[in-house]
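Each chain is listed here by its residues.
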Amino acid sequence: MYRQRVNLDSLLRPVVTDMGYVCWGIELVRQGRNSLLRIYIDSGAGVTLEDCERVSKRVSGVLDVEDPIAGEYLLEVSSPGLDRLLFNRDQYEQFIGKTVKVRLSGSVDNRKRITGRIEAVIGETLVLNESGREFQIPLGEIEKARLCPDDIIRTGR
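Bear in mind the structure is a predicted one, so any value in this text is a computation, not a measurement.

It is not clear to me how the environment of alanine 45 should be interpreted in this structure. Could you clarify?
As for its position among the elements, alanine 45 is in the loop between β2 (34-42) and α2 (49-66). For the pair alanine 45 and tyrosine 21, spaced 24 residues apart in the sequence, the C-alpha separation amounts to 9.8 Å.

I tried to follow the packing of aromatic side chains on my own but got confused; where do I start?
To describe a pair of aromatic rings, you give the distance between the ring centres and the angle between the ring planes. Under the definition given, this model contains two aromatic pairs. Here the aromatic rings of tryptophan 24 and phenylalanine 95 are separated by 6.3 Å at their centres, their planes lie at 75°, and the arrangement is edge-to-face. With tryptophan 24 in strand β1 (residues 22-31) and phenylalanine 95 in the loop between α3 (89-94) and β4 (99-108), this pair connects stretches of sequence that are 71 residues apart. Where tyrosine 40 meets phenylalanine 87, the ring centres are 5.9 Å apart and the plane angle is 45°; that geometry is what we call tilted. Residue tyrosine 40 is found in strand β2, and its partner phenylalanine 87 is found in the loop between β3 (73-78) and α3; the two are separated by 47 residues along the sequence. On the basis of relative accessibility, which here comes to 26%, the residue phenylalanine 87 falls in the partly exposed class. The ring of tryptophan 24 has arginine 84 sitting right over it, with the charged end atom 4.6 Å from the ring centre.

Where do I start with the pairing of β3 in this structure?
A regular strand carries its side chains on alternate faces of the sheet. Where β2 lies against β3, six bridges are found, and the strand directions are parallel. What sits directly across from tyrosine 40, in β3, is serine 78. Crossover β2 to β3 through α2 is right-handed.

I'm lost on the sheet that holds β1 in this one. Help?
By definition, the strands of a sheet pair up through backbone hydrogen bonds, in either a parallel or an antiparallel sense. Strand order in the open sheet made by the three strands is β1-β2-β3, with mixed pairing throughout. Every interior strand has two partners, whereas the edge strands, β1 and β3, have only one. Taken over all neighbouring pairs, the strand axes of this sheet differ in orientation by 15° on average, direction set aside. Across the sheet, α2 lies against β2 and β3, angled at about 145° from β3, the strand it touches most.

Help me understand the pattern of salt bridges, please; the structure alone is not making it clear to me.
If you walk through the whole model with that rule in mind, you get 12 salt bridges. Residue glutamate 143 pairs with arginine 103 through a salt bridge whose shortest N-O separation is 2.9 Å. Here glutamate 143, found in strand β8 (residues 142-148), pairs with arginine 103, found in strand β4; they are 40 residues apart in sequence, far enough to count as distant. The class of glutamate 143 is partly exposed, set by a relative accessible area of 48%. For the salt bridge of arginine 111 with glutamate 130, the shortest nitrogen-to-oxygen distance reads 2.9 Å. Highlighted residues: arginine 111 in strand β5 (residues 111-122) and glutamate 130 in strand β6 (residues 125-130), separated in sequence by 19 residues. Judged by relative accessible area, which is 23%, arginine 111 ranks as partly exposed. Taken together, the shared-partner salt bridges connect Glu27, Arg38, Glu76 and Lys144 into one network.

Scoring rules and cut-offs
- Residues numbered from 1 in each chain as written.
- Predicted model: local features only at pLDDT ≥ 70, side-chain atom pairs only at ≥ 80, totals over all residues.
- Heavy atoms only, no water.
- Helix = DSSP H or I, 4+ residues; strand = E, 2+ residues; numbered from the N terminus.
- Phe/Tyr/Trp six-rings, centres within 6.5 Å; stacked < 30°, edge-to-face > 60°.
- Buried < 20%, exposed > 50% of the residue type's maximum accessible area, 1.4 Å probe, protein only.
- Lys NZ or Arg CZ within 6 Å of the ring centre and 35° of its normal.
- Pairing = 2+ DSSP bridges.
- Right-handed = clockwise from strand over helix to strand, strands pointing away.
- Axes fitted to C-alpha atoms, helices over the stretch in contact; angles between N-to-C directions.
- Contact = heavy atoms within 4.5 Å.
- Salt bridge = Lys/Arg side-chain N within 4 Å of Asp/Glu carboxyl O.

Read these as geometric descriptors, not functional statements.
Set out below in structure tokens:
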């Protein structure tokens, strides 16, 4: 699955970038026999429904020609939103001081889920602070990480 996501990233990121958007991340989610290919786009001016439609049409053309996904799949193009997923080291560094929810593929200190403030990114290690307790998480162990905007934490929504 990781290799396929890397292949999709190298195929589709340049398409999105050439259109003037930031390709925030790409997710391929298996749903039974089908899959969902989700592409998150961003821009300094924000992302509209029309932006998503434009990118979807262009990416669909590339996917039709290259056919990189076996079986049926649904393509979804979206803005990353306030509670955006974080996909790479640069994104973790961009949000130092912010709170993230992390789900791990293995465990760190017998934990598979940690919600904490990003303190640092050192090499390939994410340093999180959860209520005064520090966790050092290898980036390769992160299955999913989602930003928790402060207002979501305060209101519980």
